[in-house]
Amino acid sequence: MFKIIMVPTDGSEFAARAEDIAISMASKYNARIVGVHVIDEKLIYPYEVLEDEGKEILKNLNSKAKKEGIIPDEILVFGDPAKDLITISKRMNADIVVVGTHGKKGLEKLLIGSVAENLIKSLDVPVLLVK
Ligand SMILES: Nc1ncnc2c1ncn2[C@@H]1O[C@H](COP(=O)(O)OP(=O)(O)OP(=O)(O)O)[C@@H](O)[C@H]1O
Ligand SMILES: [Mg+2]
């Protein structure tokens, strides 16, 4: 049913739980995982620092998945997280997208974060929100 599971991750605790669920789903469905991190163009930090952080986030996902015998595809891009994740999900033909309800900002008084909200609004495939 799910052949390509995309998991956008910003390295937050919420995203870590989304990664874990994506990994167990991939083992169950024998699916591919596409891990994606978008380096947020709005952040005012040296690019190298953000790039290193992004690589580290994807490396971490890679090691967790490897323990379950899965080698994820990794995509690291620079741009607008919501917009780019939508484009990548379509381009990769994701069957489902697994994300955290919140991310780095984690304002829990909001029901969900803006990236999660944009994905639900714009994607035609199922979006699994992980608390
Ligand atoms: N830059 C990113 N790259 C990849 N995935 C991301 C990125 N930012 C958020 N996500 C995904 O979206 C989920 C929800 O994060 P979101 O950014 O919507 O919430 P937030 O950071 O709490 O709030 P906001 O960013 O709207 O201030 C994260 O758990 C993660 O799965
Ligand atoms: Mg965020």
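Predicted model only: the values in this text are computed from it and were never measured. (Residues numbered from 1 in each chain as written. Chains lettered and ligands numbered in written order. Predicted model: local features only at pLDDT ≥ 70, side-chain atom pairs only at ≥ 80, totals over all residues.)

Student: Sorry, what's going on with the site of ligand 1 here?
Tutor: Surveying the vicinity of ligand 1 reveals 24 residues, the closest of which are P8, G100, G103, G113 and S114. Mapped by element, the contributors of at least two residues to the shell around ligand 1 are helix 1 (13–29), strand 2 (32–40), strand 4 (96–100) and helix 4 (114–122). The element that contributes the greatest number of residues to the shell around ligand 1 is strand 2, accounting for 4 residues. Here the residues of the shell around ligand 1 are counted per class, giving 11 nonpolar, 9 polar and 4 charged. (Near = placed C-beta within 6 Å. Helix = DSSP H or I, 4+ residues; strand = E, 2+ residues; numbered from the N terminus. Nonpolar A, V, L, I, M, F, W, Y, C, P; charged D, E, K, R; others polar.)

Student: Explain helix 4 here, please?
Tutor: Every α-helix winds through 3.6 residues per turn, so residues three or four apart in the chain are directed the same way. Of the positions making up helix 4, those classed as buried are V115, A116 and L119. Seen along its axis, helix 4 keeps its buried residues to an arc of 100 degrees; they face one direction. In this structure, the buried residues of helix 4 make contact with helix 3 (81–91), strand 4 and strand 5 (127–130). (Buried ≥ 20, exposed ≤ 12 C-beta atoms within 10 Å, placed from the backbone. Arc of directions from axis to C-beta. Contact = placed C-beta atoms within 7 Å.)

Student: In this structure, what is going on with the pairing of strand 4? I would like to understand it.
Tutor: The side chains of a regular strand alternate, residue by residue, between the two faces of the sheet. Among the 5 residues in strand 4, 5 count as buried, and that is most of the element. Where burial is concerned, the two faces of strand 4 agree: the one with I96, V98 and G100 and the one with V97 and V99 are both buried. The pairing of strand 1 (residues 4–8) with strand 4 spans 2 bridges and is parallel. The partner of M6 across the bridge, within strand 4, is V97. Direction of pairing for strand 4 relative to strand 5: parallel, over a ladder of 4 bridges. The residue bridging V99 from the neighbouring strand is L129, located in strand 5. Handedness of the strand 4-helix 4-strand 5 crossover: right-handed. (Pairing = 2+ DSSP bridges. Right-handed = clockwise from strand over helix to strand, strands pointing away.)

Student: Where do I start with helix 3 in this structure?
Tutor: Within the sequence span of helix 3, burial applies to P81, A82, L85 and S89. Taken end-on, helix 3 shows its buried residues confined to a sector of 90 degrees, consistent with a single buried face. Residues of helix 3 that are buried in the fold lie against strand 1, strand 2, strand 4 and helix 4. One or two steps after helix 3, the chain reaches N93, where phi turns positive at roughly 60 degrees.

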